[in-house]
Amino acid sequence: MDLHAVCCSLLLLSCTGVCFGQELLLPERINKAVGENVVITPIHIPDPPHAFIIWRCNETFIVIGSAVGIIIQPPYTHRVILDPTTLALELRSLTESDTGRYSLIVATLTTPFKGETSLQVFGPPSNVIVVPSKTELVEFRSTVSLVCSASGSSLSFIWLNGSSEVRAGERVQLTDNNSSLTITSVIRYDTGPYQCEASNIISKAMSPPLKLTIYYVPENVAVEADPVRPFYSSGSNLTLTCSAESNPAAEFQWAVNGTELGEMGQELRLSNIQSSQSGNYTCMAHNNQSLNYSKSEPISVTVLEIISGAVLTGPTVDLIEDVSSATLNCNVSGTIYSAEWRKDNQKLSARGNIIFSNDNRSVMISPVRRRDSGEYKCTFSNPISSDTATYRMTVNFGPDNVKIDGPFAVEEGNKLTLSCRTESTPNASYKWMFNGTVPEVNTAVFTVEQVTFMHTGNYTCMASNPVTGRNASASHVLEVKDTFIQSDLQLRKYKQSEQRSSATRGVSWTVNHLRLSPILLHAFFSAQLVA
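Residues numbered from 1 in each chain as written. Predicted model: local features only at pLDDT ≥ 70, side-chain atom pairs only at ≥ 80, totals over all residues. Heavy atoms only, no water.

The name an unreviewed UniProt entry gives the protein chain is Carcinoembryonic antigen-related cell adhesion molecule 8-like isoform X2, with Ictalurus punctatus as the organism.

Following this line, the structure appears as structure tokens:
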């Protein structure tokens, strides 16, 4: 049967055939890249036996199979393999021309079946480059067009400026399926780098980056000083540096108070400056794209004298808490911009008993309290210098809160130590009183090496401050105990032993190696219990 007869027979069967529950189903769509292989495997085929099968691309026959054999049509002879069981068609070394509609016709003994799918063979994007209309532009006056040139099939394009995607806007147009980018009225920030990304469903490729050169006149002309100070001391050195946003680079001239100095260059060096050089300095910039000069804001240069000779004075008499007042005066030469007071390295601020003068040069403390003792500092400063003076103030107080540290009971023969303490500036002097008498003890510590019963009583510590003239005291009661005090249990045991005299004939008691008779022993224990 020739090819024409086969086609006619299939057409006739397809018009009159009925599926009767069988079907032929191919994949919906297949995408591949040039050079790859593809296997088109039917999802479902009619039950065998099959009278014949035909694979076709668009109108071109690829494979014709029947019981006699399988015929692969040119030009597929060496590129196609048919699986006779699954009817899968393998097509190797794909080219873009293999793109098309693929159909499979399967004829059973009674009915022909037909399935279709599509194959899209993509050429990967390559040779991607950006072609500019020009690369040197003038801000606000130039327009540039960038064209993305690339090889490949079914390509899409996006543009990148650095890492950001370029989108159409007021000055940006994207045309020709986004392959062309046009920027009107370019500004200095349009320099790029620009890249074009070409892609299809298979892969993508990026062009090399392209940067544009955009010229603009000097702007944002500014002057910086080194060192940066609002004021400068006479004899110091100063460097002024001018900067500007400009392409190409700007050239500079200098002026003071509107008068040109005849100095050229980005830096103006002022050495050993004097007060006569004080004034407002400006810088003027231009480039070869514009002969107009752009001027900086003026920078003020003022020369001042250094602050020196700070002296802090205060009271020369003894200060007594809650009685005395103190005034601290700080004097200095030079131009004063600020005065700061500190006490013990902490900022001193006005509070209940602390008052500052209007010019901040003196502090009055009335009345003084013990917390006001310490080191005072006054610091005068201006933007170029400062000087500090120091004064130490002592507030005398006390004695307060007299306390005696020591035991309240001690055994006879042991050592006794009582310590007296108080809050006082200067340190207090001490005297002791014992049961109304004044022993010869004039220190803070009262000591007895071996106490006796005579040391039982009331001890009083008297503290006095020779500067404040104040006195204070505290008392301490001490009990001296005998070392031979026995418990009530021992006495009861003795009485029980007397009642059983026949059983205790051989027992004797001694105190300090002195043997006691039963009568003396009874008296000894009774005395200890009473004590």
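Q: Sorry if this is basic, but what is going on with the overall build of the protein chain here?
A: Scanning the protein chain from N- to C-terminus turns up three helices and 46 strands. Going through the 531 residues of the protein chain one by one, you find that 38% of them count as buried. A fraction of 60% describes how many contacts in the protein chain between residues 6 or more apart in sequence connect residues 24 or more apart. Looking at the protein chain as shown, the accessible area adds up to about 29,800 Å², and 51% of this sits on carbon and sulfur atoms. (Helix = DSSP H or I, 4+ residues; strand = E, 2+ residues; numbered from the N terminus. Buried < 20%, exposed > 50% of the residue type's maximum accessible area, 1.4 Å probe, protein only. Contact = heavy atoms within 4.5 Å. Areas by Shrake-Rupley, 256 points an atom, 1.4 Å probe, with all protein chains shown as cover.)

Q: What is the right way to read the sheet that holds strand β19 (residues 213–226) from this model?
A: Adjacent strands of a sheet form backbone hydrogen bonds with each other and so pair up, either parallel or antiparallel. Reading across the sheet, the four strands line up as β11-β19-β21-β24 and stay open at both edges, with mixed pairing between neighbours. Both outer strands of the open sheet, β11 (136–138) and β24 (267–270), are each paired with one neighbouring strand and no more. Strand-to-strand twist of the sheet, defined as the mean angle between neighbouring strand axes without regard to direction, takes the value 30°. As paired strands, β11 and β19 are joined by three bridges and run parallel to one another. Residue pairing for β19: E136 is matched across the bridge by T213. (Pairing = 2+ DSSP bridges. Axes fitted to C-alpha atoms, helices over the stretch in contact; angles between N-to-C directions.)

Q: Help me understand the pattern of salt bridges, please; the structure alone is not making it clear to me.
A: Any two side chains of opposite charge can pair, on the condition that their charged atoms come close. A complete count under the given rule lists 19 salt bridges for this structure. The residue R342 makes a salt bridge to E340 at a minimum N-O spacing of 3.6 Å. For E340, a relative accessible area of 33% gives the class partly exposed. A salt bridge links D372 to R351, with the nearest nitrogen and oxygen atoms 3.5 Å apart. With D372 in the loop between β35 (362–365) and β36 (374–382) and R351 in the loop between β33 (346–347) and β34 (354–356), this residue pair connects regions lying 21 residues apart in the sequence. (Salt bridge = Lys/Arg side-chain N within 4 Å of Asp/Glu carboxyl O.)

Q: Explain the state of the cysteines to me, please; I cannot follow it from the model alone.
A: Each disulfide is one covalent bond, formed between the sulfur atoms of two cysteines. In total, this model carries four disulfides according to the counting rule given. The disulfide bridge from C148 ends at C196, spanning 1.9 Å between sulfur atoms. In this structure the cystine formed by C148 and C196 twists about its S-S bond by roughly -90°; its chirality is therefore left-handed. Of the two residues, C148 is situated in strand β12 (residues 144–151) and C196 in strand β17 (residues 194–199); the sequence distance between them amounts to 48 residues. The same class applies to C148 as to C196, namely buried. For C242, the disulfide goes to C283, at an S-S distance of 2.0 Å. Its S-S torsion of approximately -90° makes the covalent link between C242 and C283 left-handed. Of this pair, C242 sits in strand β21 (residues 238–247) while C283 sits in strand β25 (residues 279–287), and the two are 41 residues apart along the sequence. The exposure classification of C242 matches that of C283, with both residues buried. Each bonded cysteine in the protein chain gets a number by its place in the sequence, and the pairs come out as 1-2, 3-4, 5-6, 7-8. (Disulfide = S-S within 2.5 Å.)

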